[in-house]
Amino acid sequence: MHWNYGSTFKKIRKSKGLTQKAVIGENLSPATLSKLENDRLTPSLETFQYLLEQIGMDYDEFEYISNAYSLNEKKEIVKEYFQIASNSELPAIYALKAKCEKYLRSRNDRYVEQILSILTSYLALAGGPGTITPLSKSMLNEVWRDLEQLDEWYADDLRMLNGVLYYLPLETVEALYPKLLKNLEKYQDYMNIESLKIALLLNLATLFLENNKLAQCNEASLMAERWAKTAHRYDFVAVCKVRQGICQQDEALFTQGMTILAAIEEDALASEMQKEIDYYLSPAQITLKEE
């Protein structure tokens, strides 16, 4: 626990006009809270959670305040990693790779090591799928092996999986698909990772579409649309409609998606979706699907 958590708690409590008696109730003694607030006692997780509830604050916000209203070094790395949308964002990837390497010089951190492995692989893939080196492939496989051995995938595991998903063999993706859906369903009411859930399903839909697995693509797109509507992410809703239209060869569906993108002025995304429509619904591609 951070060395100044007790004094930070005291400052927040007093700024909210709360007395020690008001926050301890019947659960703690005044002496215990006094030691904690003077940084002379480290509370149990249960006690600390109780105290945060009394001041109406969650742990992430409290830690942010304790770190002088800023993210700590690791959280900054994680935040920047999740803001990288694709392996084409080379300047951001190079900068974050350097941050990871600097961070790991002074400590061991398995999670940041996994991020570094994925970033290194992204850079190797920047010239196209054919440019991946044996080292980069090995790094990605190592991240996947760690994930594969887990009985449950939690939020951070799902984020890591999203980072390597596109580079896994199709047969591996098909095998993990049921487990992934099961884990995503467990998080259906957990709003903190709403965008991640949608991104995972859309990435799956992309993989299935590229490999002519239209039933799976349509299923993943329908699930993504459900969560996108809940999150009011109409850009994602539009992408889902376009994908469903392609899978079902239904002009009304993909036209609906393109209309949404035009209405919210997502011109770049609309251009990408139009390319998908033109490619996958071209006479040549339709013939291949029928075969």
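- By the naming in an unreviewed UniProt entry, the protein goes by Helix-turn-helix transcriptional regulator and is assigned to Enterococcus asini.

### Things to note about the overall build of the protein
- Of the regular secondary structure elements, the protein holds 17 helices and zero strands.
- Taking all 291 residues of the protein together, 44% fall into the buried category.
- Working note: accessible area of the protein is about 15,900 Å², and carbon and sulfur atoms make up 51% of it.
- Within the protein, one finds 32 positive and 42 negative side-chain charges whose respective centroids are separated by 9 Å.

### Some points on the UniProt feature "domain: HTH cro/C1-type" (unreviewed entry) in the protein
- Taking the UniProt record as the reference, the feature "domain: HTH cro/C1-type" (unreviewed entry) is found at residues 9-62.
- Taken end to end, residues 9-62 comprises 63% helix and 0% strand; its first and last C-alpha atoms sit 8 Å apart.

### Notes on the packing of helix 13 (residues 214-230) against helix 14 (residues 234-248)
- Orientation of helix 13 relative to helix 14, taken along the N-to-C sense of each, is 160°, at an axis distance of 9 Å. Judged on the interaxial angle alone, helix 14 and helix 13 are roughly antiparallel. As helix 13 packs across helix 14, the resulting crossing turns out to be left-handed. Contact residues: L214, C217, N218, S221, L222, A224, E225, A228 and K229 in helix 13; F236, V237, C240, K241, R243, Q244, C247 and Q248 in helix 14.
- Within the contact of helix 13 with helix 14, the residues separate by chemical class into nine nonpolar, four polar and four charged.

### Describing the packing of helix 12 (residues 194-210) against helix 14
- Relative to each other, helix 12 and helix 14 sit at 25°, their axes nearing to 11 Å. Our classification of the angle between helix 12 and helix 14 gives roughly parallel. Taken as a pair, helix 12 and helix 14 cross one another with a handedness that is left-handed. For the pair helix 12 and helix 14, contact is made by I198, L202, A205, T206 and L209 and by F236, V239, C240, R243 and I246, respectively.
- Split into classes, the residues belonging to the contact of helix 12 with helix 14 amount to eight nonpolar, one polar and one charged.

### Thoughts on the side chain of E194
- Among the structural elements, E194 can be located in helix 12.
- Owing to a relative accessible area of 5%, E194 belongs among the buried residues under this scheme.

### Considerations on the environment of L161
- Residue placement: L161 occurs in helix 10 (residues 155-164).
- Here the alpha-carbon distance between L161 and L180, two residues 19 residues apart in the chain, equals 9.4 Å.
- When sequence neighbours within four positions are dropped, the list of residues in contact with L161 reads W144, L147, W153, L168, L176, L180 and L200.

### A short note on the confidence of the model for the protein
- Of the residues in the protein, 90% reach a pLDDT of 70 or more, and the chain-wide mean stands at 86.
- Across the protein, the element-wise mean pLDDT spans from 54 in helix 17 (residues 283-290) up to 95 in helix 15 (residues 251-263).

### Looking at helix 15
- Its 13 residues give helix 15 an end-to-end C-alpha distance of 18 Å, which sits within 8% of 18 Å, the value for a rise of 1.5 Å per residue.
- Where helix 15 is concerned, the buried positions are L253, F254, G257, M258 and L261. Projected onto a plane normal to the axis of helix 15, the buried residues spread over an arc of 130° and lie on a single side. Facing away from the buried side of helix 15 by over 90 degrees, the exposed positions are E251, A252, A262 and A263.
- Where helix 15 is buried, its residues touch helix 14 and helix 16 (267-280).
- Where helix 15 begins, the capping side chain belongs to D250, and its oxygen is found 3.0 Å from the backbone nitrogen of A252.
- Backbone geometry just downstream of helix 15 places E265 in the positive-phi region, at approximately 60°.

Basis of the calculations
Residues numbered from 1 in each chain as written. Predicted model: local features only at pLDDT ≥ 70, side-chain atom pairs only at ≥ 80, totals over all residues. Heavy atoms only, no water. Helix = DSSP H or I, 4+ residues; strand = E, 2+ residues; numbered from the N terminus. Buried < 20%, exposed > 50% of the residue type's maximum accessible area, 1.4 Å probe, protein only. Areas by Shrake-Rupley, 256 points an atom, 1.4 Å probe, with all protein chains shown as cover. Lys, Arg positive; Asp, Glu negative; His and termini not counted. Charge placed at Lys NZ, Arg CZ, Asp CG, Glu CD. UniProt positions renumbered as here; feature names shortened; annotations may be inferred. Axes fitted to C-alpha atoms, helices over the stretch in contact; angles between N-to-C directions. Parallel < 35°, antiparallel > 145°, perpendicular 65-115°, else oblique. Left-handed = near helix turned anticlockwise from the far one by under 90°. Contact = heavy atoms within 4.5 Å. Nonpolar A, V, L, I, M, F, W, Y, C, P; charged D, E, K, R; others polar. pLDDT = per-residue confidence, 0-100. Expected span 1.5 Å × (residues − 1). Arc of directions from axis to C-beta. Polar contact = N/O pair within 3.5 Å; in protein donor to acceptor, adjacent residues only side chain to side chain.

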